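Commentary on secondary and tertiary structure
Listed below are the residues making up each chain.
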Amino acid sequence: MRRIIIADDVELNRELLRGVLEDTYLVEMAEDGEEALAKLAEFHQETAVVLLDLKMPNMDGYTVLEEMRGRGWTEKIPVLVISGEDAAEAENRCFELGVADFVHKPFEGSIVKNRIKNAVDLFAGRNQLAQKVEEQAKALKERDRIIQLQAEKLREGRAFVKLMMEYRSAMLEVETRLKVLNDEFSIEYNRNPFESIKSRLKSPASIYEKLERKGFPISVESIEENLTDVAGLRVICSFPDDIYRLADLCTRQDDISLIRKKDYIKYPKCNGYRSLHLILSVPIFLSDRKKYVKVEVQFRTIAMDFWASLEHKLKYKKDVDEADGIILQLKACADSIEELDYQMQEIRDRIDKSRG
C-alpha cells in the first residue's frame with residue numbers, strides 16, 4: 001500500500017480522514033506544516049497523495065506548497081487542499097502553487113475518495129508519459145551519438161573519401177553542362193533559362209542515418225547501390241517551361257541516363273510542394289577509367305523555391321502555434337504561386353511575340 005499524508009492541525013479532521021482512507025492507504029498524519037514536510041522528506045518516494053490544510057500553526061499550507069514546489073515534489077505528488085476556505089483568490093493562489101484539487105469541509109467520504117483517486121490517476125498517467133518522453137529523449141540522444149561515431153568511421157575511410165570525391169565530380173559535371181546550355185540560350189534567345197544552381201553533398205551522418213533507417217548495409221558499396229541523393233543539385237529557373245526544356249536537353253545528352261523522374265509540378269504533393277526531380281547517371285572521367293555516378297537534380301522556379309524554403313522551416317520547427325492553420329495557408333500559397341508562375345510565363349511569351 002502507498003502512503004497518504006494528512007496535514008491538518010485539527011485532530012478531529014485528521015481522524016475523520018483516516019477513517020475514510022485507511023483501507024486504501026498507509027496513513028501518515030501531521031499536526032502542522034513543519035511535521036508535514038518532515039514526513040514528506042522521509043516518505044516522498046512512497047507517497048501517493050498529500051491532503052493539506054491551509055491554516056496551521058508554525059507553518060501554514062501555503063508555505064508547505066512553496067517548499068514542495070521548490071523541491072520538485074508537486075510535479076510528482078498530487079496535493080489536495082482540505083481547507084474550509086473557498087475564496088476564489090485563495091484557490092487561484094493554490095493552483096499557482098501546484099495544487100491538484102480541493103476537498104472542502106465538512107467531508108463526504110465518497111467525494112474525498114473519488115477526488116483523491118482522480119488526482120492520483122491523473123498524476124500517474126502524467127508521470128508515466130513524462131518518463132516515456134525522457135526515455136525516448138535519452139534513446140534519441142544515444143542514437144545520435146552512435147550515428148556520429150559511425151559517421152566519423154565512414155569519413156575516415158579511404159574508400160569513402162574517394163567516393164565523396166566522385167560524387168563531387170559528378171555534381172561538377174552536371175553543373176558545367178547546365179552552364180553551357182545557359183550560355184548557349186543567352187546567345188541564341190537573349191535570355192537565360194535558369195537563375196542559379198545550388199549544390200550539396202550529403203553529410204556522413206545523414207548517409208549513415210538513411211542507410212540504417214532503410215535497413216541497408218553500412219558500406220561504401222551500399223551507398224553507391226542504394227542511395228540516389230548523396231549528390232544533389234537544385235536548379236532555380238524563371239519560368240515553368242524553362243524547367244522542362246532544360247530537363248529535356250540534359251537527359252537527351254547521349255552519355256547521361258535518366259534513372260528516375262518525379263514530376264511534382266504536374267502532380268504536386270498533398271502539402272502543395274512543387275518541383276521536378278531527376279535521378280541521373282552521369283559519367284566522370286578518372287585517371288584510369290570512366291565511371292557513372294548518380295546525381296539528383298531538382299528543378300524549381302524562383303517562387304517554388306521560396307515556398308519550399310518556408311515549408312521546410314515549418315516542418316523542422318517545434319512548438320509552432322496554430323501549425324495546422326499555417327499548413328493550410330501554405331497549401332493555398334502554393335496554389336497561388338503556381339497560378340502566378342504561369343501568368344508571368346504568359347507575360348513573357350507576349351513580350352517575346354511583340355518583339356517578333
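Now for a description of the structure that goes with this document. (Residues numbered from 1 in each chain as written. Predicted model: local features only at pLDDT ≥ 70, side-chain atom pairs only at ≥ 80, totals over all residues. Heavy atoms only, no water.)

A closer look at the side chain of aspartate 8
As a reminder, the rule being used: To qualify as a helix, a DSSP run of H or I must reach at least 4 residues; to qualify as a strand, a run of E must reach at least 2; elements of each kind are numbered from the N terminus. The definition of a polar contact used here is a pair of N or O atoms within 3.5 Å, where within protein one atom must be able to donate a hydrogen and the other to accept one, and adjacent residues in sequence count solely through side-chain atom pairs. The contact rule is simple, with two residues in contact once any of their heavy atoms fall within 4.5 Å.
Tracing the chain through its elements places aspartate 8 in the loop between strand S1 (3–7) and helix H1 (11–21). Side chain to side chain, aspartate 8 and asparagine 13 meet in a polar contact 3.4 Å long. Setting aside chain neighbours within four positions, we find aspartate 8 in contact with Asn13, Arg14, Ala30, Glu31, Asp53, Met56, Ile82 and Lys105.

Looking at the nonpolar core
This is how the line gets drawn: Nine residue types can take part in a nonpolar core, namely buried Ala, Val, Leu, Ile, Met, Phe, Trp, Tyr and Cys, and a core is a set of them joined through side-chain atoms within 4.5 Å. In this scheme, a residue with accessible area under 20% of its type's maximum is buried, one over 50% is exposed, and one in between is partly exposed, where area comes from a 1.4 Å probe on protein chains only.
Formed by 37 residues in total, the largest nonpolar core has its most connected members in Ile223, Val235 and Phe299. Mapped by element, the contributors of at least two residues to this core are helix H6 (158–189), strand S6 (194–201), helix H7 (204–214), helix H8 (220–226), strand S7 (231–237), helix H9 (240–251), strand S9 (276–285) and strand S10 (290–301). At nine residues, H6 tops the list of elements feeding residues into this core. Beyond its immediate stretch of four places on either side in the chain, isoleucine 223 contacts Phe160, Leu163, Tyr167, Ile207, Leu211 and Val230. Leu52, Met68, Trp73 and Leu97 belong to the second largest nonpolar core, which has 24 residues in total.

Considering a nonpolar patch on the surface
Rule in force here: Patch rule: a residue counts if its relative accessible area is over 30% and it has no salt bridge; like charges are joined within 9 Å, and nonpolar side chains (Val, Leu, Ile, Met, Phe, Trp, Tyr) within 5 Å. Working definition of accessibility: Shrake-Rupley area with a 1.4 Å probe, residue cover restricted to the visible protein chains. The rule for a salt bridge is simple: a side-chain nitrogen of Lys or Arg has to be within 4 Å of a carboxyl oxygen of Asp or Glu.
Taken together, the side chains of Leu340, Met344, Ile347 and Ile351 make up a nonpolar region of the molecular surface, amounting to roughly 340 Å² of accessible area. Mapped onto the fold, isoleucine 347 is located in helix H11 (residues 323–354). Its relative accessible area of 41% is what places isoleucine 347 among the partly exposed residues.

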